[in-house]
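Secondary and tertiary structure notes
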Amino acid sequence: MSFTPSRDSNTNRASSSSNTTNIDSRQNSKPEPEPDPDPDPDSTGIWHAFVPFGFVAAEVGVLFDFTPIAVGGLVLFGRSIAGVLVEMRFVRGPMYLLTAIGLLYALVGSGLIYVFGGSAGAFELGFRGIALAVAGGVTTALAAWRWFETETSADPGVGS
């Protein structure tokens, strides 16, 4: 009688035949591959570089009273934060996160405009409020465009 122990601690089975078969067929099976393997898990995307660039561009736009640069920097900052979180797999896609960031921008910007009146002075918080409110609208529109693009196409783009 040959005794073949199983890998399971609960069962030990004995086989009395000379032609023994593998009792635990799972040990010979190959593990299932990951559903979405990452080609290079050690590499990072470009979004990390855009986080400080967007922040600096927003502050330079505010410093020199150039609204398009301030708004563009804030939109780039929000989109790069969403890109980093998608890349780190904290969120599945950037649409809802971009919407939340855009609404946060709009809410804080509207509050600053309400308190400081949208004029220069008091550390230019009114101007920053205008830039934040406009950037909130643009970021929310960007999120809506990404949602529309994803819903209407069968093959979503990169980063969705």
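Report on the accompanying structure.

Cut-offs applied
Residues numbered from 1 in each chain as written. Predicted model: local features only at pLDDT ≥ 70, side-chain atom pairs only at ≥ 80, totals over all residues. Heavy atoms only, no water. Helix = DSSP H or I, 4+ residues; strand = E, 2+ residues; numbered from the N terminus. Buried < 20%, exposed > 50% of the residue type's maximum accessible area, 1.4 Å probe, protein only. Contact = heavy atoms within 4.5 Å. Areas by Shrake-Rupley, 256 points an atom, 1.4 Å probe, with all protein chains shown as cover. Core = buried A, V, L, I, M, F, W, Y, C linked by side-chain atoms within 4.5 Å. Patch = residues over 30% accessible without salt bridge, like charges linked within 9 Å, V, L, I, M, F, W, Y side chains within 5 Å. Salt bridge = Lys/Arg side-chain N within 4 Å of Asp/Glu carboxyl O. Axes fitted to C-alpha atoms, helices over the stretch in contact; angles between N-to-C directions. Parallel < 35°, antiparallel > 145°, perpendicular 65-115°, else oblique. Left-handed = near helix turned anticlockwise from the far one by under 90°. Nonpolar A, V, L, I, M, F, W, Y, C, P; charged D, E, K, R; others polar.

1. Regarding the overall build of the protein
In terms of regular secondary structure, the protein is built from four helices and two strands. Overall, the protein shows an N-to-C arrangement of helices and strands of β-β-α-α-α-α. Taken over 160 residues, the protein has a buried fraction of 24%. Considering only contacts within the protein whose residues lie at least 6 apart along the sequence, 49% involve residues at least 24 apart. Carbon and sulfur atoms make up 63% of the accessible area of the protein, which totals about 11100 Å².

2. Looking at the nonpolar core
Grouped together as the largest cluster of nonpolar side chains are 13 residues, with contacts concentrated most on Val-71, Leu-74, Tyr-105, Ala-131, Leu-132 and Ala-135. Put simply, the parts of the chain that give this core at least two residues each are helix H1 (47-63), helix H2 (67-87), helix H3 (94-116) and helix H4 (125-152). When neighbours within four sequence positions are excluded, Leu-132 is seen to be in contact with Leu-74, Tyr-105, Ala-106, Val-108, Gly-109 and Leu-112.

3. Some words on unusual backbone geometry
Phi is positive for Asp-65, which is not a glycine, with a value near 55 degrees. The exposure class assigned to Asp-65 is partly exposed, which follows from its relative accessible area of 47%.

4. Looking at a nonpolar patch on the surface
A surface patch of nonpolar side chains, amounting to about 710 Å² of accessible area, comprises Phe-55, Val-56, Val-60, Leu-63, Phe-64, Phe-66 and Ile-69. Among the elements that line the nonpolar patch, the one with the most residues is H1, at four residues. The residue Ile-69 is located in helix H2 in this model.

5. Topic: the packing of H1 against H2
It is at 7 Å that the axes of H1 and H2 come closest, and there the two elements cross at 160 degrees. Regarding the angle of H1 to H2, the classification is roughly antiparallel. Between H1 and H2 lies a crossing of left-handed hand. Along its contact with H1, which presents Trp-47, His-48, Phe-50, Val-51, Phe-53, Gly-54, Phe-55, Ala-57, Ala-58, Gly-61 and Val-62, the element H2 presents Ile-69, Ala-70, Gly-73, Leu-74, Leu-76, Phe-77, Arg-79, Ser-80, Ile-81, Gly-83, Val-84 and Glu-87. Class assignment of the residues belonging to the contact of H1 with H2 gives a composition of 15 nonpolar, six polar and two charged.

6. Thoughts on the packing of H3 against H4
Two elements in contact, H3 and H4, have axes whose closest approach is 7 Å; the angle formed by their N-to-C orientations is 160 degrees. The angle between H3 and H4 falls in the class roughly antiparallel. Where H3 crosses over H4, the handedness of that crossing is left-handed. Counted by class, the contact of H3 with H4 contains 18 nonpolar, ten polar and one charged residues.

Everything listed here is a matter of coordinates, which is why it stays silent on function.
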